[in-house]
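Structural characterization, general
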Amino acid sequence: MSSTIPHFYPENKRYYSWNTFLKTRFGEKVFKIPLDGGFDCPNRDGKVAYGGCTFCSQSGSGDFAGDRRDDLVQQFQTIKERMHQKWKKGKYIGYFQAFSNTYAPVDILKQRYEVILEQDGVVGLSIATRPDCLPDDVVEYLSELSQKTYLWVELGLQTVHDKTGELINRAHDFDCYKEGVAKLRQHNIPICTHIIDGLPGETPEMMLETAKEVAKLDIQGIKIHLLHLLKKTALVKQYEKGLFDFLDFNTYIQIVCDQLEVLPPEMTIHRLTGDGPADLLIGPMWSLNKWEVLNAIDHELEKRSSWQGKYYEMKAASR
């Protein structure tokens, strides 16, 4: 148990934010450019299953990424210009977001990743994928890539509860996830874990258990997502059958703060909520108010006199 807020947190935050991490490392604003690399997913094409995870959109959870009908350079330039409407200056991380971005032969991965590394101002890559899409030759290439540029691999876990994994058609289990983590960490590749709060059948206690289990692994970053329901996803049928209901605003704030308290204080918090395109979103509609969610998390931690890692148990960790 930590008795004080870690010194490396900014004055206005009680957790180690991604923005703070990047500014500390690079000395200036760095923002992600979300891209659609034209990849598929083994959970869609039949290699491990069909249909994809029930929450996954038709764009492979890359709803804010570039248009896959455009080449990667055009996507990069389009999204970059959009970002600069908000931030005038900064560097870039190319974010391969849509579908499973290591699900291809190494020569194709090289072609698609490295064209982005050639763009002015790019300081690194973030590659989202599944733990069952990490064959040895791909991991070796990622290791080489990490020697040339700043690299994160983002792995979708969603939950440590395999029963829930079956309900959402995840098509891999927690052991598979841990094997993927071990492969990457053998090469010191930083990992960002994705988890989702509000999945069908899960209680707040189960969601907290997911955070506790992630805290035991050699994980450097985390994205905590709110489950949101989008049109034309398999999750719509589960919702209509009454298999789950939306988390309300206050419940979500409490869950996230509980999770932050048990995570390692040095773990980078890449995201604390999730939203979808307004024209596709069925609910919860409050998820569109991202800054209200983030401000409420800040206020709740302050109200509790708490912070990320306050109840993290180092003896339980494997690092």
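All values reported here derive from a predicted model rather than from experimental measurement.

**Here's the deal with the overall build of the chain**
Check the secondary structure of the chain and you find 10 helices and 9 strands. On C-alpha atoms alone, the chain measures out to a radius of gyration of 19 Å, which is about the 20 Å that the 2.2 N^0.38 rule sets for 319 residues. Dimensions of the chain, computed from the C-alpha atoms along their principal axes, are close to 50 × 50 × 40 Å. A buried classification covers 57% of the 319 residues belonging to the chain. At a minimum sequence separation of 6, the contacts of the chain that also span at least 24 residues come to 82%. As presented, the chain carries roughly 14600 Å² of accessible surface, and 49% of it is formed by carbon and sulfur atoms.

**Remarks on the side chain of Asp-197**
With respect to the secondary-structure elements, Asp-197 resides in strand S5 (residues 191-197). For Asp-197, which is buried and forms no salt bridge, the nearest opposite charge comes from Arg-304, at a distance of 11 Å. Within polar-contact distance, the side chain of Asp-197 engages the side chain of Gln-259 at 2.8 Å. Those residues in contact with Asp-197 that lie beyond four places of it in its chain are Met-207, Ile-224, His-225, Leu-226, Leu-227, Leu-247, Tyr-252, Ile-255, Val-256 and Gln-259.

**Observations regarding the packing of aromatic side chains**
Applying the stated rule across the entire model yields 18 aromatic pairs. Pairing Phe-8 with Tyr-16 gives two aromatic rings, centres 5.0 Å apart and planes at 70°, and the pair type is edge-to-face. With a relative accessible area of 30%, Phe-8 lands in the partly exposed category. Relative to Trp-152, the ring of Phe-21 lies with its centre 6.1 Å away and its plane at 80°, an arrangement referred to as edge-to-face. Of this pair, Phe-21 sits in helix H1 (residues 18-26) while Trp-152 sits in strand S4 (residues 150-158), and the two are 131 residues apart along the sequence. Per residue, the accessibility class of Phe-21 equals that of Trp-152, and both read buried. One aromatic cluster is present, built from ring pairs that chain together Phe-8, Tyr-9, Tyr-16, Trp-18, Phe-21 and Trp-152. When the ring centre of Phe-26 is taken as reference, the NZ or CZ atom of Arg-25 above it lies at 5.7 Å.

**Remarks on helix H9 (residues 249-262)**
With 14 residues, H9 extends 21 Å from end C-alpha to end C-alpha; this agrees with the ideal 20 Å at 1.5 Å per step. Listing the buried residues of H9 in full gives Tyr-252, Ile-253, Ile-255, Val-256, Cys-257, Gln-259, Leu-260, Glu-261 and Val-262. Looking at the buried positions of H9, the neighbouring elements they touch are S5, helix H7 (204-216), strand S6 (221-226), strand S8 (268-271) and helix H10 (290-304). Among the residues of H9, the N-terminal cap falls to Asp-248, whose side-chain oxygen and the backbone nitrogen of Asn-250 are separated by 3.1 Å.

**With respect to the packing of helix H2 (residues 72-83) against helix H3 (residues 106-117)**
Contact geometry for H2 and H3: axes closest at 10 Å, N-to-C directions at 40°. Here H3 runs oblique to H2, going by the angle between their axes. The crossing of H2 and H3 is right-handed. Contact residues: H2 offers Leu-72, Val-73 and Phe-76, while H3 offers Arg-112, Val-115 and Ile-116. The residue inventory of the contact of H2 with H3, partitioned by class, reads 5 nonpolar, no polar and 1 charged.

**A short note on the state of the cysteines**
Each disulfide consists of a covalent bond between the sulfur atoms of two cysteine residues. Within the structure shown, the criterion is met by 0 disulfides. Cysteine Cys-53 remains unbridged, with the sulfur of Cys-56 as its closest cysteine sulfur at 6.3 Å. Classification of Cys-53 as buried rests on a relative accessible area of 12%. No disulfide involves Cys-133; its nearest neighbouring cysteine sulfur is the one of Cys-41, lying 6.2 Å away.

Criteria and cut-off values
Residues numbered from 1 in each chain as written. Predicted model: local features only at pLDDT ≥ 70, side-chain atom pairs only at ≥ 80, totals over all residues. Heavy atoms only, no water. Helix = DSSP H or I, 4+ residues; strand = E, 2+ residues; numbered from the N terminus. Rg over C-alpha atoms; globule rule 2.2 N^0.38 Å. Buried < 20%, exposed > 50% of the residue type's maximum accessible area, 1.4 Å probe, protein only. Contact = heavy atoms within 4.5 Å. Areas by Shrake-Rupley, 256 points an atom, 1.4 Å probe, with all protein chains shown as cover. Lys, Arg positive; Asp, Glu negative; His and termini not counted. Salt bridge = Lys/Arg side-chain N within 4 Å of Asp/Glu carboxyl O. Polar contact = N/O pair within 3.5 Å; in protein donor to acceptor, adjacent residues only side chain to side chain. Phe/Tyr/Trp six-rings, centres within 6.5 Å; stacked < 30°, edge-to-face > 60°. Lys NZ or Arg CZ within 6 Å of the ring centre and 35° of its normal. Expected span 1.5 Å × (residues − 1). Axes fitted to C-alpha atoms, helices over the stretch in contact; angles between N-to-C directions. Parallel < 35°, antiparallel > 145°, perpendicular 65-115°, else oblique. Left-handed = near helix turned anticlockwise from the far one by under 90°. Nonpolar A, V, L, I, M, F, W, Y, C, P; charged D, E, K, R; others polar. Disulfide = S-S within 2.5 Å.

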